[in-house]
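Fold and geometry: a report
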Amino acid sequence: MPAPQEIFRSIFGAWRLAHLDSNGMFYFNLTIEGFYRSFLAPIFAAPFFVLMVLLQIDPKADTAQVLEIEIIAYLVTWIAYPALMILLCRVLDLGRHYASFIVAYNWSQIVVIAVYIAQADLPGGLHFTQVEKGTIFVWWALVQTLVPLFSGGFADRYGYKK
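Everything numeric here is computed off the predicted structure, so don't read it as measured data.

What counts, and where the lines are drawn
- Residues numbered from 1 in each chain as written.
- Predicted model: local features only at pLDDT ≥ 70, side-chain atom pairs only at ≥ 80, totals over all residues.
- Heavy atoms only, no water.
- Helix = DSSP H or I, 4+ residues; strand = E, 2+ residues; numbered from the N terminus.
- 1 Å grid on protein atoms, 1.4 Å probe; cavity = no way out; pocket = protein on both sides within 12 Å on 5 of 7 lines; lining within 4 Å.
- Points joined across faces, edges and corners; volume = space filled by probe spheres on them.
- Nonpolar A, V, L, I, M, F, W, Y, C, P; charged D, E, K, R; others polar.
- Salt bridge = Lys/Arg side-chain N within 4 Å of Asp/Glu carboxyl O.
- Buried < 20%, exposed > 50% of the residue type's maximum accessible area, 1.4 Å probe, protein only.
- Contact = heavy atoms within 4.5 Å.
- Core = buried A, V, L, I, M, F, W, Y, C linked by side-chain atoms within 4.5 Å.
- Phe/Tyr/Trp six-rings, centres within 6.5 Å; stacked < 30°, edge-to-face > 60°.
- Expected span 1.5 Å × (residues − 1).
- Arc of directions from axis to C-beta.

The residue Tyr105 is located in helix H5 (residues 98-118) in this model. Between the alpha carbons of Tyr105 and Ser38 there is a distance of 8.9 Å; along the sequence they are 67 residues apart.

The following block contains the structure:
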């Protein structure tokens, strides 16, 4: 599990990249451990993704079926990009940058979802008020704060022991 500092630095790095600042790459953990931990970003982004899907479902549609299809598409997206980048990095002889591409992509998806939620005026947007967006972000901050407290205690009590 990445430390909260690593999560915040990575999201900030992704935000800097979104502003076309190449120095955003310095905020990512580009080690092998950071590479594998970046795959937790889909887990962090999943509640927001599910919320977006649920709020956009047509009331006449079968909610379970739509949610199932959207979740499969979500997982395929997170799997397809790394697989495609393997091929592209080989063709372009950029293999040494593969981890950087993947880490930046994984953390950037959180920024993409957050920006999408915040865009109330776009066609197909969620049309949240500032209060509704604030409520979502407060709950998300609470979850991110409280889950490590309990999971850390659980891991300490029942986790791997020598």
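Before going further, it helps to spend a moment on the layout of surface pockets. When its volume is computed, the second largest pocket comes out at roughly 280 Å³. Surrounding the second largest pocket, 16 residues form its lining, Phe49, Met52, Glu70, Tyr74 and Ile113 being those nearest its centre. Counting only elements with at least two residues in the lining of the second largest pocket, the list comes to helix H3 (41-56), helix H4 (63-91) and H5. If one sorts the elements of the lining of the second largest pocket by residue count, H4 sits on top with six residues. Looking at the lining of the second largest pocket residue by residue, the class counts come to 12 nonpolar, three polar and one charged.

Within the structure shown, the criterion is met by two salt bridges. Between Arg37 and Glu6 there is a salt bridge whose closest N-O contact spans 3.0 Å. Separated by 31 residues along the polypeptide, Arg37 in helix H2 (residues 32-37) and Glu6 in helix H1 (residues 4-18) bring together distant segments of the chain. Residue classification places Arg37 among the partly exposed positions, given a relative accessible area of 24%. In this structure, Asp21 engages Arg16 in a salt bridge whose closest nitrogen and oxygen atoms are separated by 3.2 Å.

Before going further, it helps to spend a moment on the side chain of Asn106. In this fold, Asn106 is placed in helix H5. Owing to a relative accessible area of 0%, Asn106 belongs among the buried residues under this scheme. Setting aside its immediate chain neighbours within four residues, Asn106 contacts Ser38, Phe39, Ala41 and Trp78.

All right, on to the nonpolar core then. Counting residues in each nonpolar core, the largest one holds 27 residues, and the members touching the most others are Trp107 and Ile113. If you list the elements that add at least two residues to this core, you get H1, H3, H4, H5 and helix H6 (130-158). Looking at this core element by element, the count peaks at nine residues for H5. Excluding anything up to four places from it in sequence, Trp107 contacts Pro2, Ile7, Ser10, Ile11, Ala14, Phe28, Arg37, Ser38, Ala41 and Phe44.

Here we come to the packing of aromatic side chains. Applying the stated criterion to the full structure yields seven aromatic pairs. Ring centres of Phe12 and Tyr27 lie 4.9 Å apart, and the angle between their planes is 85°; this geometry places the pair in the edge-to-face category. Highlighted residues: Phe12 in helix H1 and Tyr27 in the loop between H1 and H2, separated in sequence by 15 residues. Relative accessible area serves as the criterion here: at 29%, Tyr27 is assigned to the partly exposed category. Aromatic side chains Phe49 and Tyr74 sit 4.4 Å apart centroid to centroid with 25° between the ring planes, which places their arrangement in the stacked category. With Phe49 in helix H3 and Tyr74 in helix H4, the pair connects residues that are 25 residues apart, well separated along the chain. An aromatic cluster of three or more residues is present, and its members are Phe35, Tyr36, Phe39 and Tyr98.

Attention shifts here to H1. Helix length check: H1, at 15 residues, gives a terminal C-alpha distance of 21 Å against a target of 21 Å (1.5 Å per residue), a fit within 8%. Considered for burial, the residues of H1 that qualify are Glu6, Ile7, Ser10, Gly13 and Ala14. One side of H1 holds all its buried residues, which, seen down the axis, span an arc of 130°. In H1, the exposed residues that point more than 90 degrees away from the buried face are Gln5 and Phe8. Just beyond H1, the residue with positive phi is Leu20, at close to 60°.

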